[in-house]
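Chain and residue survey
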Amino acid sequence: MIGCHFVDMILQSTGYNELASVDDMGITVTSYPYIPKGKYIVFHNTGGSIGQMKCMSMENSEKLVTMLRDAGIWSVQIGVKREPYIKGSVDMRGILDLSQTAYLLQKSNGYVGVEGGMAHIARSVGIKSVIYFGNTLECTYGYKENTNMSTHACRPCYWRSM
């Protein structure tokens, strides 16, 4: 089971692997009228309650937003309002519910973010993603369809980088 996605591991360990797989994940999508016109990438650079262990640096996030903007691609930041704002992005933190976020992702040209809930939602609506793995294992939580990046700074313990 090494190298198997965690959803498939859970299904196999409970005997439900014949009934479902990670490929069966889905989410209800609700239209949201205020999405950017033209090309845009959805961006989420923090891992919520895990905090600094799942966080792309603000400096690198702002550089990426600038590079995308210079290429004519908007960056739309999602997440909760208390998360730090990425300078240069379209700020949608704290505005969208989960199904509207799924819609925004579904209509986007891609997703850039850390491993976590939004990465799984992006995958469930079929969006190619670039995912940063801070302290979690890409071989367990990543998807082969994505570009998975890691520093391997904290292996095998998830908690040492606090």
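Refer to the structure printed above.
1. Things to note about the overall build of the protein chain
When its secondary structure is counted, the protein chain shows 5 helices and 6 strands. Listed N to C, the secondary structure of the protein chain is α-β-α-β-β-α-β-α-β-α-β in terms of helices and strands. Considering the protein chain as a whole, with its 162 residues, one finds that 40% of them fall into the buried category. Nonlocal contacts in the protein chain, meaning residues at least 24 apart in sequence, comprise 49% of its contacts between residues at least 6 apart. Split by element, the accessible area of the protein chain, about 9100 Å² in all, is 57% carbon and sulfur.

2. Regarding empty space enclosed by the protein
Applying the stated criterion across every chain yields a total of 1 cavity of 30 Å³ or more. Counted as a void, the largest cavity has a volume near 30 Å³. Together, Glu-115, Ala-119, His-120, Ile-131, Phe-133, Tyr-141, Gly-142, Tyr-143, Asn-146 and Asn-148 line the largest cavity. The set of elements that each furnish at least two residues to the lining of the largest cavity consists of α4 (117-124) and β5 (129-133).

3. Observations regarding the nonpolar core
In globular proteins that are soluble, nonpolar side chains generally tend to be buried together. Of all hydrophobic cores here, the largest spans 20 residues; its most connected members are Val-42, Ile-78, Leu-96, Leu-104, Leu-105 and Tyr-111. Counting only elements with at least two residues in this core, the list comes to β1 (40-44), α3 (98-106), α4 and β5. Here Val-42 is in contact with Val-76, Ile-78, Leu-104, Leu-105, Ser-108, Gly-110, Tyr-111 and Val-112, once residues within four sequence places are set aside. By size, the runner-up hydrophobic cluster in this structure holds 9 residues, among which are Met-56, Leu-68, Val-112 and Val-114.

4. Notes on the pairing of β5
Side-chain direction in a regular strand flips from residue to residue, so the side chains alternate between the two faces of the sheet. Buried residues dominate β5, accounting for 4 of its 5 residues. As judged from the 4 bridges shared by strand β4 (residues 111-114) and β5, these two strands associate in the parallel manner. Along β5, the bridge assignment pairs Val-114 with Tyr-132. Note that the unit made of β4, α4 and β5 has a crossover that is right-handed.

5. Digging into α4
Of all 8 residues in α4, 6 are buried; the element is thus mostly enclosed. Residues of α4 that are buried include every one of Met-118, Ala-119, His-120, Ile-121, Ala-122 and Arg-123, and no others. Two residues or fewer after α4 comes Gly-126, characterised by a positive phi angle close to 80°.

6. As for the pairing of β1
Counted residue by residue, β1 has 5 buried out of 5 residues, so it is predominantly covered. Across the two faces of β1 the burial is the same, with Tyr-40, Val-42 and His-44 and Ile-41 and Phe-43 all buried. Relative to strand β2 (residues 74-77), β1 runs parallel, the two sharing 4 bridges. Within the sheet, the bridge partner assigned to Tyr-40 lies in β2 and is Trp-74.

7. Overview of the sheet that holds β1
Within the open sheet, the 6 strands sit side by side as β3-β2-β1-β4-β5-β6. Their pairing is parallel. Every other strand in the sheet has two partners, leaving β3 (90-91) and β6 (147-150) as the edge strands with one partner each. Strand direction decides the pairing type here: β5 and β6, joined by 4 bridges, are parallel. Within the sheet, the bridge partner assigned to Phe-133 lies in β6 and is Ser-150. The strands that α4 touches are β1, β4 and β5; relative to β4, the one it contacts most, it runs at about 150°.

8. Some details on helix α2 (residues 58-70)
The end-to-end C-alpha separation of α2 is 18 Å, in line with the 18 Å expected for 13 residues at 1.5 Å each. Taken together, the buried positions of α2 are Ser-61, Val-65 and Leu-68. Looking straight down α2, one finds its buried side chains confined to an arc of 65°; they lie on one side. Projecting away from the buried face of α2 at angles above 90 degrees are the exposed residues Glu-59, Met-67 and Asp-70. Buried residues along α2 sit against β1 and β2.

Cut-offs used in this document
Residues numbered from 1 in each chain as written. Predicted model: local features only at pLDDT ≥ 70, side-chain atom pairs only at ≥ 80, totals over all residues. Heavy atoms only, no water. Helix = DSSP H or I, 4+ residues; strand = E, 2+ residues; numbered from the N terminus. Buried < 20%, exposed > 50% of the residue type's maximum accessible area, 1.4 Å probe, protein only. Contact = heavy atoms within 4.5 Å. Areas by Shrake-Rupley, 256 points an atom, 1.4 Å probe, with all protein chains shown as cover. 1 Å grid on protein atoms, 1.4 Å probe; cavity = no way out; pocket = protein on both sides within 12 Å on 5 of 7 lines; lining within 4 Å. Points joined across faces, edges and corners; volume = space filled by probe spheres on them. Core = buried A, V, L, I, M, F, W, Y, C linked by side-chain atoms within 4.5 Å. Pairing = 2+ DSSP bridges. Right-handed = clockwise from strand over helix to strand, strands pointing away. Axes fitted to C-alpha atoms, helices over the stretch in contact; angles between N-to-C directions. Expected span 1.5 Å × (residues − 1). Arc of directions from axis to C-beta.

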